[in-house]
Amino acid sequence: MADADPARLRRRAAPPMPLPDCVALVLQGGGALGAFQAGVYEALDAQGIGVDRLAGISIGAVNAALIAGNPPERRVERLRSFWERVSSWLPSFPILDDPRTREFVHEWSAGFVLLAGVPGFFAPRLLPPVFAAPGSPEALSFYDSSALARTLDALVDWDLLNDGPVTLSVGVVEVESGNFHYFNNRRERLDARHIMASGALPPGLPPVEIDGKLYWDGGLVSNTPLQDVLDTQDRPMLVFQVDLFPAEGTVPRTMEHVVARAKEIRFSSRTRAINDQMLRLRKERELIRRVLDKLPDALVDDPDVAALRARAQEFPVNVVQLIHRPAAWEGDSRDYEFSARTMLEHWAAGQAAVTATIDRAALITRNIENGETAAFDLTRR
């Protein structure tokens, strides 16, 4: 990346904090904002923090596949190749760096994407869906996403993704039942279809068929795959949860800001709910364990007590939130504005979020060493 500081991104000999048995990276959906996630991964890699578990939805699934489907020494290179490719039609050029100019260029770039598509990702259909045969892929979306399959096949080693050391899950919604589902490389072999299904957001992109069923973007139900990581946890864990939409924001002043703020709330609400639920359940289980420890010896071997004790067992988890907070000029179109300038800025923002978190990591370190559970947002403004 042209704006990266080599000294800052140089890999450290050892991570800056003690790491538990599993480090997970949870990647939300958010289209063009996914460059923020790439910056986060590059910064974590530079800090010597390896990833054992990946979960993604939509663009988060794409980034996760690029990471899991490449050896560690090539992951940043592959992420960079993808993001440079999808932003190549809107190169960075000198402009006035003031909010009004940035907002104009931002909206113009997003409009270009609506008309022309994104190279290596999706392209507008020649005919509107209304003229296509009912039930055909052409009738179910405004854009053709077949280019993404070719891009993923060129950048991802699917054998490594499926047989390698990193566990990967991607969230989708089955169209007919409306049920949410995770494809997991430890249960089935994943390929480009599974990643594309996780990002098939209607009505822009078509559903993807897998084993006779059609799937849409998992963000229709939940835009964060944190729940899957917590439900399958089997050892102490540190989670870096990369959110592309902030839960907190300002009161809108224009209709455009109303739409943008509504999108932030819609796509971030599930994240807050899961975090709150996690902490509530952990406290309840801790209370159950304390009560069980007070029972007389005569009840220790009681089957009901044993079953309750088993259900109350848990492993510590620390969730570190890394949240993309938009610039004032970024409006409702921020998730489909694929210009090179904005991509580079999002990437750099992801790096900065990791740096700011590591600089304040003493609390996380204490929790990991003490086997405690908590959620952190150490970059809050």
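All values derive from a computational prediction rather than experimental measurement. (Residues numbered from 1 in each chain as written. Predicted model: local features only at pLDDT ≥ 70, side-chain atom pairs only at ≥ 80, totals over all residues. Heavy atoms only, no water.)

Hey, could you run me through the environment of Phe112 in this one?
If you trace the backbone, Phe112 turns up in helix H5 (residues 99–116). What makes Phe112 partly exposed here is its relative accessible area of 27%. Taking the C-alpha atoms as reference points, Phe112 and Ser339, separated by 227 residues in sequence, lie 9.6 Å from one another. When neighbours within four sequence positions are excluded, Phe112 is seen to be in contact with Trp89, Leu90 and Gly117. (Helix = DSSP H or I, 4+ residues; strand = E, 2+ residues; numbered from the N terminus. Buried < 20%, exposed > 50% of the residue type's maximum accessible area, 1.4 Å probe, protein only. Contact = heavy atoms within 4.5 Å.)

Help me out: how do you make sense of the confidence of the model for the protein chain in this one?
In low-pLDDT segments, the atomic positions of the prediction should not be examined closely. Predicted confidence across the protein chain gives a mean pLDDT of 90, with 96% of residues reaching 70 or more. Residue range residues 1–13 is modelled with pLDDT below 50. Its contacts to residues more than four positions away, or to other chains, number 19 contacts. (pLDDT = per-residue confidence, 0-100.)

What is the right way to look at the pattern of salt bridges in this model?
Opposite charge on two side chains lets them pair, provided their charged atoms get close. For the structure shown, the criterion picks out 15 salt bridges. For Asp159, the salt bridge is made with Arg189, and the minimal N-O distance between the two is 3.3 Å. Highlighted residues: Asp159 in helix H7 (residues 158–163) and Arg189 in the loop between strand E6 (180–184) and helix H8 (192–198), separated in sequence by 30 residues. Its relative accessible area of 52% is what places Asp159 among the exposed residues. One salt bridge connects Glu286 with Arg290, and the closest N-O pair in it is separated by 3.5 Å. Note that Glu286 and Arg290 are positioned in helix H10 (residues 255–293) at a spacing of four residues, about one turn of the helix. Residue class for Glu286 comes out partly exposed when judged on its relative accessible area of 39%. Through salt bridges with shared partners, a single network forms among Asp159, Asp163 and Arg189. (Salt bridge = Lys/Arg side-chain N within 4 Å of Asp/Glu carboxyl O.)

What should I look at first to understand a nonpolar patch on the surface in this one?
Together, Leu126, Leu127, Val130 and Phe131 give the surface a local cluster of nonpolar side chains, amounting to about 560 Å² of exposed area. Tracing the backbone through its elements, the reader meets Leu126 in the loop between strand E3 (123–124) and strand E4 (143–144). By relative accessible area, Leu126 is classed as exposed at 88%. (Patch = residues over 30% accessible without salt bridge, like charges linked within 9 Å, V, L, I, M, F, W, Y side chains within 5 Å. Areas by Shrake-Rupley, 256 points an atom, 1.4 Å probe, with all protein chains shown as cover.)

How do you make sense of the pairing of strand E8 (residues 213–217) when you look at a structure like this?
Each regular strand shows side chains that alternate between the opposite faces of the sheet. The pairing of strand E5 (residues 167–174) with E8 spans three bridges and is classified as antiparallel. Along E8, the bridge assignment pairs Val173 with Trp216. Where strand E7 (residues 208–210) lies against E8, three bridges are found, and the strand directions are antiparallel. Across the sheet, residue Val208 finds its bridge partner in E8, namely Tyr215. A loop of two residues connects E7 with E8, the two strands running antiparallel in sequence, and Asp211 in this loop sits at a positive phi of about 50°. (Pairing = 2+ DSSP bridges.)

Where do I start with the packing of aromatic side chains in this structure?
Both the distance between ring centres and the angle between the ring planes are used here to describe each pair of aromatic rings. Scanning all chains against the criterion turns up nine aromatic pairs. With a centroid separation of 6.4 Å and 15° between ring planes, the pair formed by Trp83 and Phe338 is classed as stacked. Taken as a pair, Trp83 in helix H4 (residues 75–86) and Phe338 in the loop between strand E10 (317–323) and helix H12 (340–359) lie far apart in primary sequence, 255 residues in all. For the pair formed by Trp83 and Phe338, the shared burial category is buried. Plain terms: the ring middles of Trp108 and Phe112 are 6.0 Å apart, the flat faces sit at 25° to each other, and that makes the pair stacked. Here the residue Trp108 and the residue Phe112 both occupy positions in helix H5, the gap between them amounting to four residues, near one helical turn. Owing to a relative accessible area of 47%, Trp108 belongs among the partly exposed residues under this scheme. (Phe/Tyr/Trp six-rings, centres within 6.5 Å; stacked < 30°, edge-to-face > 60°.)

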